[in-house]
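Here are the chains, one letter per residue:
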Amino acid sequence: MDFRLTDDQRALRQGVRDLLEGRFGREALRAALDRADGTGATGGRAGGGGATGGRGETGATGGGGAEGRGAAAAPVGGGGGAEGGRAAGVPVDGGGAAGAVADGSGATGAPAGGGGAGRSAGGGRVLDRELWRALGAAGFFALRLPEAAGGVGLGLPETVLAFEEAGRVLLPGPLIATHLAAGTVPGAATGEVVVTAADGGLVEWLDEADVVLGDTGGAEPLAPVDPLTPLHRLPAREGPVHRLPARGGTPHRWPAPGGPRDARTPDRLLVSLLTAAEQLGSAARTCETAVQHARTREQFGRPIGAFQAVQHLCADMLARLETARAAVYAASVTADPADVAAARLLADEAAVRGARDCLQVHGGMGFTWESDVHLHLKRAWTRTHRAGGGTQSEEELAEDLLAGTA
Amino acid sequence: MDLGLTVEEEEFRARLRTWLAGVLPTLPPKPSPHDWPARRAYDLGWQRRLYDAGYAGLHWPVDAGGRGATPTQHLLFLEETEKAGAPYVGANFVGLLHAGPTIASEGSAEQRARWLPPVLRGEEVWCQGFSEPDAGSDLAALRTRARRDGDDYVVSGSKIWTSHAEVADWCELLVRTDPDARRHAGITWLAMPMDAPGITVRPLRTLAGSTEFAEVFLDEVRVPAANRVGAENDGWRVTMVTLSYERGTAFVGEVVACRRVLSEVAREARRNGRWDDAVLRRRLGRLNAEFRALWRLTQWNVSEAQGTGGVPGTGGSVFKLRYSHARQELFDAAAEVLGPESLDLGREWTLDRLSSLSYTIAAGTSQIQRNIVAERILGLPRGR
């Protein structure tokens, strides 16, 4: 047994991190946010005339400076130390990334703010097709496809590492659906075709996807809490409900196997596992960001990170993160349904509570639109609804106790 | 990320299982928890069987009489012995996990030859004299004095939370030899014979009603200077060396046991109807996730230790923070399943619920663990 990452796995993770920091660094994230937010809402609310300008103004407070590129460039001892020497990302975003975003936006031919009143907020084309193709070229979507089929031929552990990195930078788009469609939907593997799928009562990125899997009839747009995840709600479906074999008590109801909400079909398991990986990456980033801020922000004449009240918030963030990490990585090795359910519960918790605590550590700056913390929290909230959500995971794990495999 | 076992590890486990299946039925009945001499005899008897079968000091270095097993083999040993229902380390705890490894690492050849074999063979019991009434979380504040007098140190002071003091042969003792030095600097490590004149042991009763540990009062106790391990005033460093021997495996057996208890709690809920309460049921499901993750975290920590030659990573503090809390949650949930029955001390889980309260305090409180995580792992400024 050796649970540690292999050298190849470390290299792969670093490669994905470099790619994403380069192609989707903080400026690209804020540019995507501006497009999604519609007619210059960011500039208006932040009062800074754009994300970069806003950052400059507030950097002196230590609030904005702790986020985004600042956090990526500084080797944060937290994650690195806990994981045995993880190198910090090399910040190569900026001009290149911003240019790519601008190109991508132009290529889709849909300027921001062009949406109708009834569409999702903003309504502009947010998805960066050029970035999407770059991900395809790098093998992001074809990671698990056999090499004979033009894929990378890697396994679930490597895929989980890649999706963790995507979660770190809040990479937008129906990444999991497209990844799962590689090999079956032509063009998905290369990033030419964007694929989304109905998931329970929701579907992400319906208007921007080229291929939609599952029944999305009657889909209604909602104003998504996460500005970078357009959502439609789906009408409730009639479907057979079956009962698990009773083990002596009152049976409770489960959706039919293979039905739209059964988390135990292979794809549902994978959606849950890769969602957990994204949550893990988000939790890692918010933990590092909080620590960085606590080290540099001074009040009462000392860094706020010297106060135990703040220290303990950060320590709990790391404890949740590393516990979730062990569970997620193990589930990627075993692909056992109960392991996946456990990984998902802990990763959801690490991401949501991590973002909440990160916001708290940032104080007033954490409550601003200009900070990235809210984007992590809103995305984390959104992800918790995928593949049945926490309730279903808890019920499965409860049943598992009676099955005696625990 | 390899969670599988190598051929050697599989063979190790198979041999161990075969041996356990043969030896456990030959054990005498478990002694009463209140009969300390009987508990000592029982625990030493188990250690002797381990010794005869080649499992004593599994994780000790070979040149200290150990087996030089890998951290993974040690993990398998702890997992399998717990699953088979074998006795706990019990009275051998300090000898095998603290004092012994310290002597193995820092002791002279004579000291190793004198003290290590009796620990491995199950002949001598050690206790730990570290904490004091005014030196708990702040261990370096200890005040028990030792002054040199000829070939002896003369020790006066008091120690507390000393497990197995009533039946121990030796005490690994931390004393202050230089009252003028900075806190960590003036401390010395001594092996004190527990039959020396001037030692008074007063058992402490815990809130669970049992006497698991004691206060030890020292009044002009003479300890030969030859019993000093390491240099005078270097005891703090000598003590810290010990910690590297646990390799983050101190709670392996307990996590295995907690997972078994959790399944029993679920079955009890199914039996008494509480299973129909969705809130309770989901709470048990979440605990399943927690203990599964803690098991994976243990495997992670052990794998990290494998890479560093046995020195545990900082994962130990993260694990302890999370585990001590989860253990309390487990027995709180068990109490909810039991309902009014949870007020009956005759129920095993009721006593376990009480004893679980010590977990967020012993071996570094949760608050101290958070300080360690914040300052040593996350690199936050030292706080006050």
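Structural notes, computed from the coordinates. What you see is a predicted model; the values in this text were computed from it and never measured.

Mapping A:Ala319 onto the fold places it in helix α12 (residues 308–334). Along the primary structure A:Ala319 and A:Ala350 are separated by 31 residues, whereas in three dimensions their C-alpha atoms are 8.8 Å apart. Ignoring any residue separated from it by four or fewer positions in sequence, one finds A:Ala319 in contact with B:Val318, B:Leu321 and B:Arg322.

All right, on to the interface of chain B and chain A then. Taken together, the contact pairs 54 residues of chain B with 64 residues of chain A. Looking at the side of chain B facing chain A, the largest losses of area belong to B:Met1, B:Arg270 and B:Trp300, adding up to 17% of the total buried there. Scanning the region where chain B abuts chain A turns up nine salt bridges. Between A:Asp339 and B:Arg296 there is a salt bridge; the shortest N-O distance is 2.9 Å. Residue assignment for the side of chain B that touches chain A shows that the elements contributing at least two residues are α3 (71–83), α7 (252–272), α8 (278–307), α9 (315–338) and α11 (366–377) of chain B. Partitioned by chemical class, the residues of the side of chain B that touches chain A number 21 nonpolar, 15 polar and 18 charged.

All names here are of chain B. The final tally for this structure, using the stated rule, is 19 aromatic pairs over all chains. Looking at Arg39, its charged tip hangs above the ring of Trp36, at a distance of 4.2 Å from the centre. Positioned over the ring face of Tyr153 is Arg148, at 5.3 Å from the centre of the ring.

If a strand is regular, its side chains alternate between the two faces of the sheet. Summarising the sheet, strand β3 (residues 152–163) of chain B and strand β7 (residues 213–224) of chain B pair through nine bridges and their orientation is antiparallel. Looking at the pairing, B:Ser163 lines up with B:Phe213 of β7(B).

What follows concerns the nonpolar core. Residues A:Tyr329 and B:Leu284 are the most contacted members of the largest nonpolar core, which totals 138 residues. Residue contributions to this core reach at least three from each of two domains, namely domain 1 (7–88) and domain 3 (246–377) of chain B. Among all residues touching A:Tyr329, those that are not within four sequence positions of it are A:Phe3, A:Leu5, A:Arg13, A:Val160, A:Leu161, A:Glu164, A:Leu280, B:Met1 and B:Trp300.

Thresholds applied
Residues numbered from 1 in each chain as written. Chains lettered and ligands numbered in written order. Predicted model: local features only at pLDDT ≥ 70, side-chain atom pairs only at ≥ 80, totals over all residues. Heavy atoms only, no water. Helix = DSSP H or I, 4+ residues; strand = E, 2+ residues; numbered from the N terminus. Contact = heavy atoms within 4.5 Å. Buried area = accessible area lost by both parts, 1.4 Å probe. Salt bridge = Lys/Arg side-chain N within 4 Å of Asp/Glu carboxyl O. Nonpolar A, V, L, I, M, F, W, Y, C, P; charged D, E, K, R; others polar. Phe/Tyr/Trp six-rings, centres within 6.5 Å; stacked < 30°, edge-to-face > 60°. Lys NZ or Arg CZ within 6 Å of the ring centre and 35° of its normal. Pairing = 2+ DSSP bridges. Core = buried A, V, L, I, M, F, W, Y, C linked by side-chain atoms within 4.5 Å. Buried < 20%, exposed > 50% of the residue type's maximum accessible area, 1.4 Å probe, protein only. Domains from an automatic or database assignment.

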